[in-house]
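Structure assessment
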Amino acid sequence: YRFLLTFLKDYTNIFTEKIKLFQFAPEDQTRKFIKKHDNIEYYAGDINPAPYKDTTVTDIRDINFPDDSFDVLIASHVLEHVVEDRRAIGEVYRVVKPGGFAILVVPLYEKAFEDQSLDYNGREMMYGIGLHVRLNSFADFKSKIESVGFKVTPYSFDEVLGNYVDRTEDTLYIRSDRYIFFCKK
């Protein structure tokens, strides 16, 4: 969450402009920080809102808001859990206003891989996490986002300066969580 908040503070205008923002699966720290800004009209949703405060039932594959509803939409570590991720990305594009943007974050690996026949245990063996339904690669994920019409600019934590990661460490988790995709409509 610190990488995301640093990016939002240093690379966007969301804390200075009057905006309408939707966040999927809102991590507590990010949600609290965003909600304390009076300029932001904040909405949050998830397919299973129980773990999150002030969150409504919202399926990212069928977002229950009209076209062009939000200036900003954030989905961090959501799409790797969604079977129909292309449909979900299309829905994100649909509800973002022209001139608005989405912030999309997923773990990335060298090669994309998806096997829909795997059950939870099979996914845990193949992907390392049973709740993930695929492994995304940088090129594959960027292509999916661009295919719906977004102009995509990826930012790595090498570009977004801050004290939120130990850059001397090299682990699978640090490598896989290296990018934020800034998606302009």
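Here's what I pulled together on the structure shown here.

Points about the environment of Asp-28
Examined against the element boundaries, Asp-28 turns out to sit in helix α2 (residues 28-35). Taking C-alpha positions, Asp-28 is 27 Å from Val-152, a pair spaced 124 residues apart along the chain.

Description of the sheet that holds strand β5 (residues 96-105)
The sheet built from seven strands is open, its strands ordered β3-β2-β1-β4-β5-β9-β8 with mixed pairing. At either end of the open sheet lies a strand with only one pairing partner, and these are β3 (56-57) and β8 (151-156). Of the pairings in the sheet, the one linking strand β1 (residues 19-24) to strand β4 (residues 70-76) comprises four bridges and is parallel in character. When the sheet's bridge partners are listed, Gln-23 is paired in β4 with Ile-74. Contacts from helix α3 (residues 85-95) reach β4 and β5, with the element oriented near 145° to β5.

Cut-offs used in this document
- Residues numbered from 1 in each chain as written.
- Predicted model: local features only at pLDDT ≥ 70, side-chain atom pairs only at ≥ 80, totals over all residues.
- Heavy atoms only, no water.
- Helix = DSSP H or I, 4+ residues; strand = E, 2+ residues; numbered from the N terminus.
- Pairing = 2+ DSSP bridges.
- Contact = heavy atoms within 4.5 Å.
- Axes fitted to C-alpha atoms, helices over the stretch in contact; angles between N-to-C directions.

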